[in-house]
Amino acid sequence: MLESTYIPAQAGRWLSQWQILFLTIHALGIACFGYIVAKRMVPLLRAERDFRFDQPLVRLGRVLQFWLGQWKHPRYRTAGVIHIVIFAGFIVLACRAFSLLFFKISGDFLMPGFSGTTGNIYDVITDYAATMVFFCMVIAATRRLVFKPARYAVPPGYGKAHTVDAIFLLVLIAVLMVADSLFAASTVAGRFQQGEPVEALAVLSLPWILKSALASTSLPTLWNIRLGAYLLHQVTFYFLLCYRPFGIQFHVETSLFNVYFAKLNRGTLKPVRWDVSDEHLDQVESFGVKTFEDFTWKHILDFYSCADCGRCSDNCPSHAVGRPLSPRFLTIKARDYSFKHYPVLGNAGNGTALVGGIYSDDEVWSCTTCGACEEECPLLVEYIDKIVDLRRGLIDDGNVPQSLQKPLKALESRGNPYGKMEKKKAEWAKAKDFQSTCDVKILDGNRQADTLYFVDSITSYDDRMQSIGRSTARILDHVGENYGILGAAERDSGHEVRRFGEETLFMALRDHNVEAIQASGARRIVTADPHSYNALKHDYKDVPPVEHISQVIAREVKAGKVKFNPVENQTAVYTYHDPCYLGRHNQIYDDPRDVLDAIPGLKRVEMKRSRDRSFCCGGGGLMLFYEPKEDQRMGVKRVQMAAEAGANVIVTACPFCMANIEDAIKVAGLEGRMTAIDLAELVDQQMIRQVCATVSVNPPDRVAQQESILEPKTAIGG
Ligand code: SF4
Ligand code: SF4
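Analysis parameters
- Residues numbered from 1 in each chain as written.
- Chains lettered and ligands numbered in written order.
- Predicted model: local features only at pLDDT ≥ 70, side-chain atom pairs only at ≥ 80, totals over all residues.
- Heavy atoms only, no water.
- 1 Å grid on protein atoms, 1.4 Å probe; cavity = no way out; pocket = protein on both sides within 12 Å on 5 of 7 lines; lining within 4 Å.
- Points joined across faces, edges and corners; volume = space filled by probe spheres on them.
- Helix = DSSP H or I, 4+ residues; strand = E, 2+ residues; numbered from the N terminus.
- Nonpolar A, V, L, I, M, F, W, Y, C, P; charged D, E, K, R; others polar.
- Buried < 20%, exposed > 50% of the residue type's maximum accessible area, 1.4 Å probe, protein only.
- Contact = heavy atoms within 4.5 Å.
- Pairing = 2+ DSSP bridges.
- Axes fitted to C-alpha atoms, helices over the stretch in contact; angles between N-to-C directions.
- Parallel < 35°, antiparallel > 145°, perpendicular 65-115°, else oblique.
- Left-handed = near helix turned anticlockwise from the far one by under 90°.
- Disulfide = S-S within 2.5 Å.
- Near = heavy atom within 4 Å.

## With respect to the layout of surface pockets
Of the pockets and cavities examined, the second largest pocket occupies roughly 480 Å³. Going through the elements one at a time, helix H21 (503–520) and helix H22 (530–539) are the ones with two or more residues in the lining of the second largest pocket. Taken together, the residues of the lining of the second largest pocket break down into eight nonpolar, three polar and ten charged.

## Topic: the environment of Phe506
Within the element layout of this structure, Phe506 appears in helix H21. Taking the relative accessible area as the measure of exposure, Phe506 reaches 1% and is therefore buried. Those residues in contact with Phe506 that sit more than four places away from it in its chain are Ser493, Gly494, Val497, Arg498, Asp539 and Tyr540.

## Observations regarding the sheet that holds strand E7 (residues 603–605)
Taken together, the four strands give an open sheet; going across it, the order is E7-E6-E8-E9, and neighbouring strands pair in parallel fashion. Each having just a single partner strand, E7 and strand E9 (675–678) make up the two edges of the open sheet. If you compare each strand with its neighbour and ignore which way they point, the axes differ by 35 degrees on average. Both strand E8 (residues 649–652) and E9 contribute to a ladder of four bridges, which runs parallel. Across the sheet, the residue bridging to Val649 is Thr675, located in E9. Where helix H26 (residues 655–667) meets the sheet, its contacts fall on E8 and E9, and the angle it forms with E9 comes to roughly 170 degrees.

## A short note on the environment of Val188
Tracing the sequence through the fold places Val188 in helix H5 (residues 163–193). Taking the relative accessible area as the measure of exposure, Val188 reaches 4% and is therefore buried. A sequence separation of 178 residues divides Val188 from Ser366, and the C-alpha atoms of the two residues are 60 Å apart. Other than its neighbours up to four places away in sequence, Val188 contacts Val198, Glu199, Leu201 and Lys211.

## Some words on the pairing of strand E2 (residues 451–454)
Because side chains alternate across E2, one face comprises the buried residues Thr451 and Tyr453, and the other comprises Leu452 and Phe454, equally buried. Pairing of E2 with strand E3 (residues 483–485) involves two bridges; the strand directions are parallel. Paired with Thr451 across the strands is Tyr483, a residue of E3.

## Overview of unusual backbone geometry
One non-glycine residue, Gln55, adopts positive backbone phi at about 40 degrees. Structurally, Gln55 is set in the loop between helix H1 (9–46) and helix H2 (56–68). According to the relative accessible area criterion, Gln55 is partly exposed, its value standing at 38%. Phi at Gln70 is positive, roughly 50 degrees, even though this residue is not glycine. Mapped onto the secondary structure, Gln70 falls in the loop between H2 and helix H3 (77–103). Residue classification places Gln70 among the buried residues on the basis of a relative accessible area of 5%.

## Focus: the packing of helix H19 (residues 466–478) against helix H27 (residues 679–686)
For the pair H19 and H27, the least separation of the axes is 8 Å and the interaxial angle reads 50 degrees. Between H19 and H27, the interaxial angle falls into the category oblique. The handedness of the crossing between H19 and H27 comes out as left-handed. Together, Ser467, Ile468, Ser471, Thr472, Arg474 and Ile475 of H19 and Ala680, Glu681, Val683 and Asp684 of H27 make up the contact between the two elements.

## Here we look at the state of the cysteines
By definition, a disulfide links the sulfur atoms of two cysteines through a covalent bond. Following the criterion strictly, the structure yields zero disulfides and no others. In this structure Cys32 is a free cysteine whose sulfur lies 4.9 Å from that of Cys242, the closest cysteine sulfur available.

## Here's the deal with the packing of H2 against helix H8 (residues 251–260)
At a closest axis distance of 8 Å, the pairing of H2 and H8 adopts a crossing angle of 135 degrees. It follows from the interaxial angle that H2 and H8 lie oblique. Both H2 and H8 take part in a crossing whose hand is right-handed. Taking contact as the criterion, the partners of Pro56, Arg59, Leu60, Arg62, Val63, Phe66 and Trp67 in H2 are, on H8, Ser255, Leu256, Val259 and Tyr260. Its residues assigned to classes, the contact of H2 with H8 shows eight nonpolar, one polar and two charged.

## Focus on the site of ligand 2
Contacts to ligand 2 come from Cys306, Ala307, Asp308, Cys309, Gly310, Arg311, Cys312, Arg328, Cys377, Pro378, Val381 and Tyr383. Of the residues contributing to the shell around ligand 2, the split by class is eight nonpolar, one polar and three charged.

## Details of H27
Burial analysis of H27 places eight of its eight residues in the buried class, the great majority of the element. Regarding H27, the residues found buried are Leu679, Ala680, Glu681, Leu682, Val683, Asp684, Gln685 and Gln686.

## Here's the deal with the site of ligand 1
Residues in contact with ligand 1, as listed here, are Cys316, Pro317, Ser318, Leu325, Pro327, Cys367, Thr368, Thr369, Cys370, Gly371, Ala372 and Cys373. For the shell around ligand 1, the secondary-structure elements that each account for two or more residues are helix H11 (317–320) and helix H14 (372–376). Among the residues forming the shell around ligand 1, the class breakdown is eight nonpolar, four polar and no charged.

Structure below.
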C-alpha cells in the first residue's frame with residue numbers, strides 16, 4: 001500500500017514541489033523534539049546520583065514483562081484492556097509511521113522485510129490496529145469526560161486536574177489514526193479507479209470504511225485527499241511528538257527507560273547518598289531531599305513517566321482515610337514544578353524548598369511505607385524512597401513531629417521507643433506459667449544456640465504482644481529448635497527509625513545489634529515481627545539468614561512436625577490480613593495461608609483487598625506514636641473489610657498489625673463479635689503437643705479470647 005505506483009502525471013510535478021515542505025516538516029519536527037528532550041534532561045543531569053546500571057538482563061526481563069507485556073495493566077480491567085489495545089496498536093503502527101515519514105521523500109521507500117505477502121499481512125494488521133486505537137481513544141475520552149472513575153478526581157488542595165491535557169492528546173491520537181486510515185483508503189480507491197492491482201483492506205476497518213465512502217470520488221479529488229491525509233499525518237505526528245514532553249503523555253517516551261531503571265530489590269531503602277558509604281556519612285553536608293535537585297535522576301524520571309492514571313492513590317490507605325497524602329499528586333506536583341522551574345524556553349529558576357513549597361509536612365509524614373502505591377503502578381514509579389528522602393531532609397533540619405520526639409529520644413537513650421530499661425527486655429520470657437514449661441535461653445556468652453529469636457521492642461515490652469513472643473518460643477521449642485534470645489543486648493531493629501528518616505540513629509541501633517548477633521554465635525535468625533524481618537534481611541549486613549516464624553511453621557507443617565487439633569468453634573470464620581512488610585515487601589503470602597489451611601475445620605475467607613493488594617492496618621513502628629490528620633483510622637477500615645468478607649476472626653502475623661487491629665475492633669464497635677489473633681498464637685493454641693506439655697502450655701488468655709467468639713452473636717458488618 002505504501003508503494004507510490006499511484007502517482008498521476010500532474011501529481012508527480014506537484015509532489016516534487018511538496019517534497020521541500022515535507023523535508024522541512026521532518027527537519028523542524030526532529031529538531032524541536034530534540035531540543036525539548038534536551039531541555040527536559042537538564043534537571044536529570046543536575047540531580048543526585050542513582051545506581052541503576054546493574055543486572056542488565058534482569059532489567060531487560062522487566063522491560064519485557066512490565067513494559068512490552070503490560071503486566072500490571074489488567075489489575076484495572078477496563079482501563080487496562082484499553083491501554084493494552086492502544087499500546088499494541090502503537091507498536092504495530094510504529095513501522096507504518098516510520099515508513100510514512102520517508103514515503104513522500106523517497107516515493108518507493110518500504111521498511112525492509114515489509115514487501116510482498118508479509119507487507120500485505122502487515123497492512124491488514126495495521127488497518128485493524130489503527131481502527132482499534134481510534135475507538136479506544138473515543139472510549140478513553142468518554143471515560144475521562146463522562147463516566148470519570150473516582151480515581152481521576154482531584155481532591156481539594158491537590159492542584160489542578162489535567163483532564164484538558166489528557167483529552168487534547170486523545171484527540172490528537174485519534175486524528176493521527178484517521179489521517180493514517182484516510183491515506184490508505186484514498187490510495188486503494190485511486191489505484192482501483194486507475195485499474196491497477198490493489199491490496200485488500202481489512203474488512204470493517206477504518207480504512208475499509210473510508211475507502212467505501214470514497215468509491216465514487218473523482219481521481220484528482222482522491223489525489224488531493226491522499227496528499228492532505230499525508231500532510232495531516234505528518235504535522236499531527238510531529239506536533240504530538242513535541243507536545244508530549246509537556247504533559248502526562250511524556251510517559252510514551254520515558255516509560256521504557258523508567259521500567260528498565262526501576263528498583264529491583266523490594267523492601268530495601270536507598271542509601272542517603274549512593275556514592276557515600278556509611279563511614280563517610282558524617283562528611284555529607286545535607287541529608288535527604290530538600291530541593292528538587294536533591295532527588296535522584298531516576299526519581300525525576302519517575303515524575304516524567306507518570307501517566308496520571310490514579311491507581312497509586314486509589315490503593316493508598318493514607319489517601320483512603322483522608323490523610324493529606326495522595327501519591328499521585330506527590331508526582332504530579334513535582335512534575336509541574338519541574339516544568340515550571342526548568343522551562344523549555346528560558347533559564348532554570350533557583351531551587352526552592354519542596355516542603356513548605358509544593359509539599360506539606362503532614363503529607364510527608366502521613367505515609368506508612370506500606371508499598372501499595374508502588375505495587376499498583378503500571379510504570380513502576382517509586383514512592384517510598386522519595387518519601388523517606390523527604391523525611392531525611394526534614395529531620396536534618398530538626399523538623400521532627402511533636403509526637404515522635406519522645407520515642408525517638410527513648411530509642412537513642414534506651415534502644416526502644418518506650419524508654420524501658422534494657423534489663424527488662426527478657427521479662428516476657430520469665431513469666432512464671434511460661435518459664436516452667438519453656439526455657440528461653442539468653443545468649444549472653446555463657447549459653448549458645450543455633451537459632452536466634454530476634455524479639456524486637458514491641459513484643460518484648462508491650463504486655464499484650466508478649467503473648468506473641470511466648471507463642472513463638474513455644475513453637476520453636478515444639479519443633480526442637482535450639483534457640484535463644486539476646487535479652488538486654490538486643491536493641492530495637494531500627495526499621496521504622498530508618499523509614500522515618502533518622503538514618504544516624506538507625507545506624508547506631510543496627511551496629512549495636514549486628515555486634516550482639518555476631519557475638520551470639522547463632523547461625524540463623526527467626527522473628528515473629530515482619531518489621532524486624534525486613535530490617536534484618538534488607539537493612540543489615542553481615543548477619544545470619546533470617547526467617548519469619550510463618551515460614552518456619554509452614555515448613556514444619558509440611559514436614560509433619562506440627563499437627564493441629566481441629567477448630568472446635570464452627571461459627572468462627574477466619575480471614576488473614578497480610579502485613580505489608582511480610583506480604584508486599586517480602587512476598588510471603590502463601591506460608592501463613594498454608595498454615596491456616598492445615599488446621600482441620602478452619603473456615604477461611606479472603607478479604608477483597610488481600611495479598612499484594614492488602615490494606616495497611618495503620619502503619620507499624622513509630623506510626624503507633626504518630627498522630628496524623630485523618631477522617632478515619634486505617635485499622636477501622638480494615639476490620640470493616642474483614643466483616644464485609646464474612647469473617648469474625650482476623651489472623652495476622654505482625655505485632656503492630658495486632659495492636660492496630662485490636663484497637664480498631666473496639667473503635668468500630670465490634671468487640672465481642674470480632675477478634676484478632678496472631679498466627680503464632682493460633683498455631684500455639686491449636687498444635688498437638690507432647691502429652692506432658694499439652695495442658696500446661698496452652699495460653700489461657702488466648703483460649704479465653706477465642707472462646708469469646710464461640711457463641712454466634714449479632715451478624716457483623718450489617
Ligand atoms: S507507601 Fe502506602 S501510605 Fe505511602 S504513599 Fe504509598 S500507598 Fe500511600
Ligand atoms: S504514579 Fe503510577 S499509578 Fe500513580 S498515577 Fe502515576 S502512573 Fe498511575
